[in-house]
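# Residue-level structural notes
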Amino acid sequence: HATRAIRRAVEEWGFKCLKLDFLYAACLPGVRFDRTLTRAETMHLALKTLREAAGPDTYIIGCGCPLLSAVGIVDSMRISADTGPTWNPAFPLPWWDQ
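Model, not experiment: these values are computed from the prediction.

## Describing the overall build of the protein chain
The number of helices and strands found in the protein chain is 3 helices and 3 strands. In sequence order, the secondary structure elements of the protein chain are arranged as α-β-α-β-α-β. Pairs at least 24 apart in sequence give 51% of the contacts found in the protein chain among residues at least 6 apart. Here the protein chain displays about 7500 Å² of accessible surface, and carbon together with sulfur accounts for 62% of that area.

And the structure:
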């Protein structure tokens, strides 16, 4: 499904840049299709699959992604927090920003 969606965005819709967010979800604890892979290996395989689907000429921005898993695969990363409804957030942060 992910491969088809990325190819559609690049090949059919003409996107030259993709911002892929919440990438860390590929390495969350859970049951995997290939239970021989570690969470880190699963994350790396997911990123490689997305890169192959997008092709080498598509600029990929990785967001919400473990840094080392993305080295050599994405073109840039956003490593700061998401934007929020205020300039100066109150601490502790609300549940949805944890």
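## What about the packing of aromatic side chains?
Considering all chains together, one arrives at 1 aromatic pair under this definition. Taking 6.4 Å as the distance between ring centres and 65° as the angle between the ring planes, the aromatic pair formed by Phe 22 and Tyr 24 counts as edge-to-face.

## Focus: the packing of helix H1 (residues 2-12) against helix H2 (residues 39-54)
Interaxial distance between H1 and H2 falls to 8 Å at its minimum, and their mutual angle equals 35°. Regarding H1 and H2, the two cross each other, and that crossing is right-handed. When H1 is examined against H2, the residues Ala 2, Thr 3, Ile 6, Arg 7 and Val 10 are found in contact with a partner set consisting of Thr 49, Leu 50, Ala 53 and Ala 54. Partitioning the contact of H1 with H2 into residue classes produces 6 nonpolar, 2 polar and 1 charged.

## Things to note about the nonpolar core
By size, the foremost hydrophobic cluster in this structure holds 17 residues, and its most contacted members are Ile 6, Leu 18, Leu 20, Leu 23 and Leu 47. With 5 residues, the top contributor of residues to this core is H2. Residues within four places of Leu 23 in sequence aside, it is in contact with Met 43, Leu 47, Leu 50, Gly 62, Cys 63, Gly 64 and Cys 65.

## Describing the pairing of strand S1 (residues 17-20)
Taking every second residue as pointing to the same face, the buried face of S1 carries Leu 18 and Leu 20, while none of Cys 17 and Lys 19 on the other face is buried. As defined by bridge partners, S1 adjoins strand S2 (residues 59-63) across 4 bridges and the pair is classed as parallel. Residue Lys 19 lies in a different strand from S2, and its bridge partner there is Ile 61. With H2 bridging S1 and its parallel neighbour S2, the resulting β-α-β unit is right-handed.

## What to know about the side chain of Arg 51
Counting through the fold element by element, Arg 51 comes out in helix H2. Within the structure, the side chain of Arg 51 is placed 2.8 Å from the backbone oxygen of Thr 58, a separation counted as a polar contact. Those residues in contact with Arg 51 that sit more than four places away from it in its chain are Pro 56, Thr 58, Ile 60, Ile 73, Val 74 and Asp 75.

## Here we look at the side chain of Arg 32
One can find Arg 32 in the loop between S1 and H2. There is a polar contact of 3.3 Å between the side chain of Arg 32 and the side chain of Thr 42. Not counting the four nearest positions on each side in its chain, Arg 32 is found in contact with Ala 26, Cys 27, Leu 37, Arg 39 and Thr 42.

## What to know about a nonpolar patch on the surface
A grouping of Phe 22, Tyr 24 and Leu 28 is seen on the molecular surface, where their side chains present a nonpolar patch of about 300 Å² in accessible area. By the element assignment, Phe 22 lies in the loop between S1 and H2.

Analysis parameters
- Residues numbered from 1 in each chain as written.
- Predicted model: local features only at pLDDT ≥ 70, side-chain atom pairs only at ≥ 80, totals over all residues.
- Heavy atoms only, no water.
- Helix = DSSP H or I, 4+ residues; strand = E, 2+ residues; numbered from the N terminus.
- Contact = heavy atoms within 4.5 Å.
- Areas by Shrake-Rupley, 256 points an atom, 1.4 Å probe, with all protein chains shown as cover.
- Phe/Tyr/Trp six-rings, centres within 6.5 Å; stacked < 30°, edge-to-face > 60°.
- Axes fitted to C-alpha atoms, helices over the stretch in contact; angles between N-to-C directions.
- Left-handed = near helix turned anticlockwise from the far one by under 90°.
- Nonpolar A, V, L, I, M, F, W, Y, C, P; charged D, E, K, R; others polar.
- Core = buried A, V, L, I, M, F, W, Y, C linked by side-chain atoms within 4.5 Å.
- Buried < 20%, exposed > 50% of the residue type's maximum accessible area, 1.4 Å probe, protein only.
- Pairing = 2+ DSSP bridges.
- Right-handed = clockwise from strand over helix to strand, strands pointing away.
- Polar contact = N/O pair within 3.5 Å; in protein donor to acceptor, adjacent residues only side chain to side chain.
- Patch = residues over 30% accessible without salt bridge, like charges linked within 9 Å, V, L, I, M, F, W, Y side chains within 5 Å.
- Salt bridge = Lys/Arg side-chain N within 4 Å of Asp/Glu carboxyl O.

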